[in-house]
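A look at the structure
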Amino acid sequence: PVVKKQAEGRKAVVKKKSGDGKSVIIVESPAKTRTLKNFLGDDYEILASMGHVRDLPQKERGVDIDHSFKPTYVTITQRKPLLTKLRAAVKQAKEVYLASDPDREGEAIAWHLAEALKLTDPQRLEFHEITRDAARADLEHPRPIDMHLVDAQQARRVLDRLVGYTISPLLYKN
């Protein structure tokens, strides 16, 4: 197997899944699932992540400032049943494609899904338009998750958290 470097020194083994089910495509929005099902037919199971599935903890900082500002992520409580459903689907899948929005936030959602679902070969699709021809063309060109975009989103999220935790108590005093 080929080994590919990922964030924080972790490595992911890149290999094809051996499942004999349909290929699974995970998008962010339920509206996109219905449209893509019409375009792509029964060869694909299209599921929605409903946005983020993991985040920094709500009641603590979640950022280790003594160790390179490393974030600690937890599963969003409301997403636990959804993750159970997604895990069951990807377990049976012959391939899994992550098709969250084509921006920094979407890239981070794809990475969080790959981590939460323990995907060994997360393939990323970018749907810049939701049409039959565009969707079929995009399936011909999957790519790995862009860790530069993920890191950029994580830096923004960590900065938001640190500033929020520092400033909020001051605002409540006044």
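Being a predicted model, the structure only gives us computed values, none of them experimental. (Residues numbered from 1 in each chain as written. Predicted model: local features only at pLDDT ≥ 70, side-chain atom pairs only at ≥ 80, totals over all residues. Heavy atoms only, no water.)

Looking only at helices and strands, the protein features 5 helices and 11 strands. Across the 174 residues that make up the protein, the buried fraction comes to 39%. Long-range contacts, defined here as pairs at least 24 residues apart, represent 61% of the contacts in the protein between residues at least 6 apart. Per element, the accessible surface of the protein, about 10,400 Å² overall, is 52% carbon and sulfur. (Helix = DSSP H or I, 4+ residues; strand = E, 2+ residues; numbered from the N terminus. Buried < 20%, exposed > 50% of the residue type's maximum accessible area, 1.4 Å probe, protein only. Contact = heavy atoms within 4.5 Å. Areas by Shrake-Rupley, 256 points an atom, 1.4 Å probe, with all protein chains shown as cover.)

The next subject is helix H3 (residues 104-116). An ideal rise of 1.5 Å per residue puts 18 Å on 13 residues; H3 measures up with 18 Å between its terminal C-alpha atoms. The buried fraction of H3 amounts to 10 of the 13 residues, a majority that puts the element mostly inside the structure. Looking at H3, one finds that the buried residues are Gly-106, Glu-107, Ala-108, Ile-109, Ala-110, Trp-111, His-112, Leu-113, Ala-114 and Ala-116. Positive phi shows up at Lys-118, right after H3, with a value of about 55°. (Expected span 1.5 Å × (residues − 1).)

Attention shifts here to the pattern of salt bridges. Evaluation of the coordinates by the stated rule reveals 7 salt bridges. The partner of Glu-105 in a salt bridge is Arg-156, with the nearest N and O atoms 3.3 Å apart. Here Glu-105 is found in helix H3, whereas its partner Arg-156 is found in helix H5 (residues 147-173), with 51 residues between them in sequence. Overall, the relative accessible area of 28% leaves Glu-105 in the partly exposed class. For Arg-156, a relative accessible area of 27% corresponds to the partly exposed category. Among the salt bridges present, the one from Glu-126 reaches Arg-143, with a minimum N-O distance of 2.5 Å. On the criterion of sequence distance, the pair formed by Glu-126 in the loop between strand S10 (123-124) and helix H4 (132-139) and Arg-143 in strand S11 (residues 143-144) is long-range, its members being 17 residues apart. (Salt bridge = Lys/Arg side-chain N within 4 Å of Asp/Glu carboxyl O.)

Within the structure shown, the criterion is met by 1 aromatic pair. Aromatic side chains Tyr-73 and Trp-111 sit 6.1 Å apart centroid to centroid with 75° between the ring planes, which places their arrangement in the edge-to-face category. With Tyr-73 in the loop between strand S7 (70-71) and strand S8 (74-75) and Trp-111 in helix H3, the pair connects residues that are 38 residues apart, well separated along the chain. The exposure classification of Tyr-73 matches that of Trp-111, with both residues buried. Its guanidinium or amino end placed over the ring of Trp-111, Arg-54 lies 5.4 Å from that ring's centre, counting from NZ or CZ. (Phe/Tyr/Trp six-rings, centres within 6.5 Å; stacked < 30°, edge-to-face > 60°. Lys NZ or Arg CZ within 6 Å of the ring centre and 35° of its normal.)

Our focus in this paragraph is a positive patch on the surface. Among the surface-exposed residues, Lys-22, Arg-34, Lys-37 and Lys-85 lie close enough to one another that they form a single positively charged patch. Positionally, Lys-85 belongs in helix H2 (residues 80-92). (Patch = residues over 30% accessible without salt bridge, like charges linked within 9 Å, V, L, I, M, F, W, Y side chains within 5 Å. Lys, Arg positive; Asp, Glu negative; His and termini not counted. Charge placed at Lys NZ, Arg CZ, Asp CG, Glu CD.)

A separate point is the pairing of strand S3 (residues 23-27). Buried residues dominate S3, accounting for 5 of its 5 residues. Of the two faces of S3, the one holding Ser-23, Ile-25 and Val-27 and the one holding Val-24 and Ile-26 are both buried throughout. Here 5 bridges tie S3 to strand S4 (residues 44-48), and the two strands are oriented parallel to one another. Residue Val-24 lies in a different strand from S4, and its bridge partner there is Glu-45. With helix H1 (residues 30-40) bridging S3 and its parallel neighbour S4, the resulting β-α-β unit is right-handed. (Pairing = 2+ DSSP bridges. Right-handed = clockwise from strand over helix to strand, strands pointing away.)

The next thing to look at is the sheet that holds S4. One open sheet accounts for 5 strands, arranged S4-S3-S9-S10-S11; its pairing is mixed. Across the chains shown, the open sheet's two edge strands, defined by having one partner strand only, are S4 and S11. Looking at chain direction, S3 and strand S9 (residues 96-98) are connected through 3 bridges and run parallel. Of the residues in S9, the one forming a bridge with Ile-26 is Leu-98.

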